[in-house]
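Summary of the model geometry
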Amino acid sequence: WTLSHGRFVGSMMWLAAPSSSSSRPATAFAGSVASQRPLVVASALPTPFLAPGSPIAAAAAGEGAGDVGSASSGLPAACWVLGSTALLLVGRRHRSTCNTSWRGGRCPPGARAASTARRASVAQQFRDLADEGIAEEAVEYSKVARRVDDLVICVTEIPEKGDILLPNVGDTVQFSGGTVGHCIALGDLSFAAALSDPEAACELGEGYRILPMSYRPLVARPEQGGLLVDQSGTPWNAESRQAAEDDTRSRVPWFQEMVGLIRRERINSPLHSGVMGLDAFVPIGRGQSMVMRMPPATSDDDFREFMAHIIEAQSGDTTEVIVAASSVVDGLKFQERLANCEATKRLTIVSGRGDKPRIGEAVLAMNAACALAEAARDDGKDALLIVDVEHLYRAYLVLTEVVAERELAERTSRALNEEIDEMSFEQGREMWKFLAHKNAATARRRTFLGCFLQRACRVCDERGGGSLTLLAFARLKDSNKIGSLELQAKLKNLQSMTLDETLKAKAIAKIEEQLANLPEGLGLTGVPDDFIEEVKAVTDGHVVFLDAAVASSDSGPQKPRWCLDVQESVARGITSHSVQNRPLDKLKSLFYKVFLMSREGDNSVIDIGDGSGRQLDSGPLLALLQQPAGDVLYPEDEAALLLLAMDDAVRGAAARPLADQALVLLTRAKVRGDDEEDSGRLTLECRTWAVESMRQQPQAKSLEELGESGLDSLCSTLDLRPLERKRVLAVASDGETVAVRADTEAEMQAKVEDPRARYTSLRERLAYLHQPEVAGELLEAIAEPMLTDTQLQQALDLLERTVNGEELNLSAA
């Protein structure tokens with residue numbers, strides 16, 4: 001099948017077709033000529049089709065069969081008539097007459113236009129042949145099996161001659177009624193096609209035919225940033241749409257061939273995300289693909305906030321950003337969110353047509369956005385593509401449902417089952433059959449995902465040196481919620497069951513009510529964990545968000561935060577030196593990720609492991625993972641914030657015994673927070689007090705050594721009420737010691753400081769460092785890309801000493 005549909009391999013392509021498919025060499029030849037690709041055809045065609053004087057013979061050999069010369073398309077060719085069949089051999093294309101590197105001279109005037117006109121003329125001849133009926137026959141044993149909105153599922157029966165006719169992903173198909181669709185997924189003896197016109201008619205049982213590759217859809221490249229366009233590249237703005245009707249913008253096709261390994265280069269430069277948790281602990285390189293697994297409670301607004309944060313981090317950069325939106329409404333909301341961002345100058349939003357999202361439209365918008373990103377990469381630029389995986393899952397879900405209903409997987413693996421059936425039960429026949437089917441399903445799913453998600457790469461310098469970075473967001477499915485597709489399937493099964501009419505009517509009414517109460521659009525409820533695991537398998541890494549990223553507090557909804565699970569998040573095969581920004585690389589932030597992964601709890605204090613004997617408190621480092629979405633950090637900010645957290649971690653570990661004594665005192669005095677959030681704030685303030693107390697009195701290791709002044713400062717720091725202060729002083733003056741005993745150690749471990757409040761404190765101190773009289777000029781120097789490694793290390797050393805409180809003459813430094 002691959003040979004019969006013209007898959008290009010290297011610089012040559014073989015096309016073989018039986019006489020019953022006589023139209024395919026014609027249409028494929030036309031597509032090859034139109035796309036300026038070399039072609040080799042070996043076909044058993046009727047003699048009149050390739051006889052001297054026919055369009056193909058004239059196009060291939062000029063005057064007639066047996067002649068060898070320059071054809072009107074610029075191809076050297078030979079055509080032999082062999083009885084009732086013919087062999088048409090078209091050799092490798094000569095270089096165009098306007099290729100100066102081939103001819104070694106200047107391009108003759110009008111040569112390019114003449115060459116283009118000749119190719120268009122020949123291609124049109126073959127399109128006319130197809131329109132006249134040569135390729136009108138639809139495959140009789142292939143038909144439309146299901147339609148869900150604008151998504152059509154076609155199945156192919158296995159004919160007696162054993163020829164299975166299926167399109168490839170990216171092929172354009174035309175159904176018997178004239179409607180055109182684009183293949184977006186393949187299954188067992190089936191495929192899913194998104195209709196080019198969502199409202200077009202396509203009835204069940206219609207056949208289809210595969211159109212030449214020259215019919216692949218194109219998307220126009222926008223000439224300015226900040227536009228919202230559809231799959232064809234036409235802006236949705238009325239003024240821009242009118243100006244684009246008669247434009248001459250360059251266009252690129254969807255579903256382009258992937259970049260081969262020989263053209264790829266090692267990822268060696270970072271993509272700045274503006275997120276401390278990513279840049280410091282899970283760095284993303286330019287040309288890398290990463291999946292972001294979001295918690296089930298993530299809303300559409302939260303999605304936009306996380307995506308907008310990364311886009312805003314590209315301000316002042318040259319990265320071309322392309323975002324795929326499912327509908328015009330979604331695209332407009334995204335455009336409004338980034339209205340005042342400098343990065344919008346290089347932003348393009350590709351959306352599906354219509355106010356409501358459709359499965360096929362959303363997937364086509366993703367492919368059009370990918371084509372624009374690949375075009376920017378091929379121009380030597382750095383491109384960033386941001387998509388939502390849920391639409392891919394929805395399309396594949398419908399396809400697998402049809403495959404399961406018609407038992408197509410079992411028919412495909414019939415030969416394998418027969419071989420396994422020869423095994424005895426004792427040899428594990430049923431187990432091997434289960435494993436074979438499971439592995440086959442996994443392979444098909446990974447192939448489907450790999451066709452899109454593995455397009456991220458960095459091109460070698462000889463090919464332009466551009467890169468395409470792909471960030472795929474996936475919201476985890478809530479097991480307690482059911483989407484529209486699941487409800488519709490449940491409703492269909494219920495309607496076909498034989499039950500008591502009264503009970504059946506009540507059950508149907510309940511499901512219909514659930515369908516009516518679903519949110520507008522697709523009723524998206526997330527992606528199952530097993531599908532996300534397959535997405536992880538075909539990408540270069542993954543980032544796992546904690547549920548706290550979108551959790552609400554007692555005071556109401558909170559701004560989403562970059563709360564990452566550093567233990568589960570990983571960038572595979574990427575070294576810190578290659579993809580981290582220089583300041584964080586110098587500070588060895590990935591070393592502290594290992595420290596966080598090895599902690600026993602949120603309050604653990606362990607040895608730093610560098611031979612110095614120092615210990616670190618994990619609280620300040622975990623607070624770095626509480627960065628709110630929208631709080632964009634630059635590389636110098638991330639370096640300063642890491643140094644501030646490290647200073648707190650070292651001092652906090654040293655002051656932990658004093659802080660625990662103070663917490664025991666407060667517990668016995670019945671000073672507690674009103675809720676969990678208030679208790680976390682109280683714990684943080686107590687530990688901060690302990691650090692400041694030891695900063696002022698380094699020799700004081702307990703409350704007794706601090707004396708009454710220490711107790712007064714504790715009550716003032718915590719802003720205790722008069723009655724609470726009285727109880728604290730009474731317990732402290734009691735003869736019972738307030739040292740931490742064995743029965744209170746568990747209680748101390750249960751006290752967790754509020755990490756959000758800790759991050760707010762670190763952020764305020766960072767703003768203080770930015771003041772010109774403190775370290776503002778030093779931070780600007782760290783951001784300078786022209787600094788040598790030695791100069792950068794010296795600047796970071798000065799910043800660390802400033803953070804530690806040393807008196808420095810920074811202006812002179």
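Within every chain, residues take consecutive numbers counted from 1 along the sequence as written. Local features in this predicted model are restricted to residues of pLDDT 70 or higher, and side-chain atom pairs are both shown and tallied only at a pLDDT of 80 or more, whereas totals for entire chains, interfaces and linings draw on every residue. With hydrogens and water stripped out, all remaining heavy atoms of the structure feed into the side-chain values.

Points about the packing of aromatic side chains
Each aromatic ring pair is characterised by the separation of its centres together with the angle its planes make. Centres within 6.5 Å make a pair out of two Phe, Tyr or Trp rings, where for Trp the six-membered ring is used; the pair is then stacked when the planes are under 30 degrees apart, edge-to-face when over 60, and tilted otherwise. Tallying each qualifying case throughout the model produces 10 aromatic pairs. Taking the centre distance of 5.2 Å and the plane angle of 65° together, the rings of Tyr393 and Phe531 count as edge-to-face. With Tyr393 in helix H11 (residues 390-405) and Phe531 in helix H17 (residues 529-537), the pair connects residues that are 138 residues apart, well separated along the chain. The same class applies to Tyr393 as to Phe531, namely buried. Only DSSP runs of H or I covering at least 4 residues are called helices, and only runs of E covering at least 2 are called strands; the numbering of each starts at the N terminus. Three exposure classes are used, based on accessible area relative to the maximum for each residue type with a 1.4 Å probe and protein chains only: buried under 20%, partly exposed in between, and exposed over 50%.

Points about a nonpolar patch on the surface
Every patch collects residues that have over 30% relative accessible area and no salt bridge, joining them within 9 Å if they carry like charges and within 5 Å if they are nonpolar side chains (Val, Leu, Ile, Met, Phe, Trp, Tyr). Values of accessible area rely on a 1.4 Å probe in the Shrake-Rupley scheme; residue burial ignores everything except the protein chains shown. A side-chain nitrogen of Lys or Arg and a carboxyl oxygen of Asp or Glu constitute a salt bridge if their distance falls within 4 Å. A surface patch of nonpolar side chains, about 410 Å² in accessible area, is lined by Met431, Trp432, Phe434 and Leu435. Here Trp432 shows up in helix H14 (residues 429-453).

Here we look at the sheet that holds strand E10 (residues 190-195)
Strands are labelled as partners when DSSP assigns at least two bridges between them. The 6 strands lie next to each other as E6-E7-E10-E9-E8-E11, forming an open sheet whose pairing is antiparallel. The strands lining the two open edges of the sheet, one partner per strand, are strand E6 (142-148) and strand E11 (208-210). Strand-to-strand twist in this sheet, taken as the mean axis angle between neighbours without regard to direction, amounts to 35°. Of the strand pairs in this sheet, E6 and strand E7 (residues 151-156) are connected by 6 bridges, and their pairing is antiparallel. Residue pairing for E7: Arg147 is matched across the bridge by Val152. What makes two residues a contact is simply this: any of their non-hydrogen atoms within 4.5 Å. Lines fitted to the C-alpha atoms define the axes, with helices restricted to the stretch that makes contact. Angles between their N-to-C directions range from 0 to 180 degrees. Strand contacts of helix H10 (residues 359-378): E6, E7, strand E9 (180-187) and E10, with the helix running at about 85° to E10, the strand carrying the most contacts.

Some points on the nonpolar core
Nonpolar core, defined: a set of buried Ala, Val, Leu, Ile, Met, Phe, Trp, Tyr and Cys residues in which side-chain atoms within 4.5 Å join the residues together. Core analysis: the biggest nonpolar cluster contains 79 residues, and Phe473 and Leu621 have the highest contact counts within it. Counting residues per element, this core draws most heavily on helix H22 (residues 635-654), which supplies 9 residues. If we skip the residues at most four places from it in the chain, Leu621 touches Tyr592, Phe595, Leu596, Leu616, Leu642, Ala645 and Met646. The next biggest cluster of nonpolar side chains, apart from the first, holds 62 residues, and it includes Ala185, Val229, Ala369 and Leu399.

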